[in-house]
Amino acid sequence: FILLYSVNNVIPTIYFGTYNAFSFDTALPSGNAAPSGITQNGTYFWITDFLDAQVYQYYMNGTFTGSNFSTAGSGSSNPRGMTQNETYFWISDITDAQVYQYYINGTFTGSNFSTAGSGNGDPWGIIQNETYFWITDQTDGRVYQYWMNGTFTGSNFSTTGSGNSNPIGITQNGTYFWISDVGD
């Protein structure tokens, strides 16, 4: 299930949406057999594949564009979550507890930061608002906040009290976070 958290109060509410019957297969024809992170900009979806360390691009109707890029060359061998801001992608990697930055064309910028020093040793979901990143840790059931330069702000909150002990996906709208739980 997905829990809704207030950005300011961090009070969880169980949220159930209405399925609109739209879905698409990421495996055919792109080959993305292990989708994990997803982001979009209104024109495209980008979806990580954690088995082959790739990011695949799809039109909003779910059709594969034929475009993808590898994250392995930058050191990200197990990409999970991703977010973007029209200029950059940031992709979390659970193998080395790093967040890697790529230009929107998929080229590695040479920039990455570690989440391990903050206590986040298993970074999965990632979202940003041009001021902060919020990154889930699926092992300790927490969400950690970082400045956009990758510095830990010292702020985090637990999702375990609401029953979300394995948070993986995260998104926000400025007022609320929605956080998915792999364990339920």
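Residues numbered from 1 in each chain as written. Predicted model: local features only at pLDDT ≥ 70, side-chain atom pairs only at ≥ 80, totals over all residues. Heavy atoms only, no water.

### Digging into the overall build of the protein
If you tally the helices and strands in the protein, you get zero helices and 16 strands. Across the 184 residues in the protein, those meeting the buried criterion constitute 44%. In the protein, the proportion of contacts linking residues at least 24 apart, taken out of those at least 6 apart, comes to 37%. Counting only carbon and sulfur atoms, one obtains 50% of the accessible surface of the protein, whose full area is about 8600 Å². (Helix = DSSP H or I, 4+ residues; strand = E, 2+ residues; numbered from the N terminus. Buried < 20%, exposed > 50% of the residue type's maximum accessible area, 1.4 Å probe, protein only. Contact = heavy atoms within 4.5 Å. Areas by Shrake-Rupley, 256 points an atom, 1.4 Å probe, with all protein chains shown as cover.)

### Things to note about the packing of aromatic side chains
In the structure shown here, the tally under the stated rule is 24 aromatic pairs. Ring geometry for phenylalanine 24 and phenylalanine 45: centres 5.6 Å apart, planes at 35 degrees, overall tilted. Residue phenylalanine 24 is located in the loop between β2 (12–15) and β3 (35–40), and its partner phenylalanine 45 is located in strand β4 (residues 44–49); the two are separated by 21 residues in the primary sequence. When its relative accessible area of 25% is taken as the criterion, phenylalanine 24 is described as partly exposed. (Phe/Tyr/Trp six-rings, centres within 6.5 Å; stacked < 30°, edge-to-face > 60°.)

### Observations concerning the pairing of strand β13 (residues 142–147)
Residues in a regular strand point their side chains to alternate faces of the sheet. Judged from the six bridges that link them, strand β12 (residues 132–137) and β13 form a sheet pairing that is antiparallel. Note that in β13 the partner of tryptophan 134 across the bridge is glutamine 145. Linking β12 back to β13 in an antiparallel pair, the connection comprises four residues, with glycine 141 at a positive phi of about 65 degrees. Where β13 folds back onto strand β14 (residues 152–158) in an antiparallel hairpin, the turn is made up of four residues, including glycine 150, whose phi is positive at roughly 95 degrees. (Pairing = 2+ DSSP bridges.)

### Some thoughts on the sheet that holds strand β8 (residues 88–93)
The four strands are arranged β7-β8-β9-β10 in an open sheet whose pairing can be described as antiparallel. Each having just a single partner strand, β7 (79–84) and β10 (108–114) make up the two edges of the open sheet. Across the sheet, the axes of successive neighbouring strands diverge by a mean angle of 25 degrees, strand direction being ignored. Relative to strand β9 (residues 98–103), β8 runs antiparallel, the two sharing six bridges. What sits directly across from phenylalanine 89, in β9, is tyrosine 102. (Axes fitted to C-alpha atoms, helices over the stretch in contact; angles between N-to-C directions.)

### Concerning the environment of glutamine 128
Tracing the backbone shows glutamine 128 in strand β11 (residues 123–128). Along the primary structure glutamine 128 and tyrosine 146 are separated by 18 residues, whereas in three dimensions their C-alpha atoms are 9.2 Å apart. Once residues within four sequence positions are removed from consideration, glutamine 128 is found in contact with Thr83, Gln84, Asn85, Trp90, Phe133, Met148 and Gln172. For glutamine 128, the side chain forms a polar contact with the main-chain nitrogen of glutamate 130, separated by 2.7 Å. (Polar contact = N/O pair within 3.5 Å; in protein donor to acceptor, adjacent residues only side chain to side chain.)

### Side note on the pairing of β4
Burial runs high along β4: five of the six residues are buried. Summarising the sheet, β3 and β4 pair through four bridges and their orientation is antiparallel. Within β4, the position partnered with threonine 39 by the bridge is tryptophan 46. Between β3 and β4, which pair antiparallel one after the other, the connecting turn spans three residues, and glycine 42 there sits at a positive phi close to 95 degrees.

### Things to note about the sheet that holds strand β5 (residues 54–59)
Judged by pairing direction, the sheet is antiparallel, and its four strands sit side by side in the order β3-β4-β5-β6 without closing on themselves. This sheet does not close on itself; its edge strands, each paired only once, are β3 and β6 (64–70). Adjacent strand axes in the sheet meet at a mean angle of 25 degrees, parallel and antiparallel pairs treated alike.

### Looking at the environment of asparagine 166
Note on placement: asparagine 166 falls in the loop between β14 and β15 (167–172). Residues asparagine 166 and isoleucine 179 lie 13 residues apart in sequence; the distance between their C-alpha atoms is 9.7 Å. Once residues lying within four places of it in the same chain are set aside, the contact partners of asparagine 166 are Gln138, Ser180, Asp181, Val182 and Gly183.

Everything listed is a geometric property; what it means functionally is a separate question.
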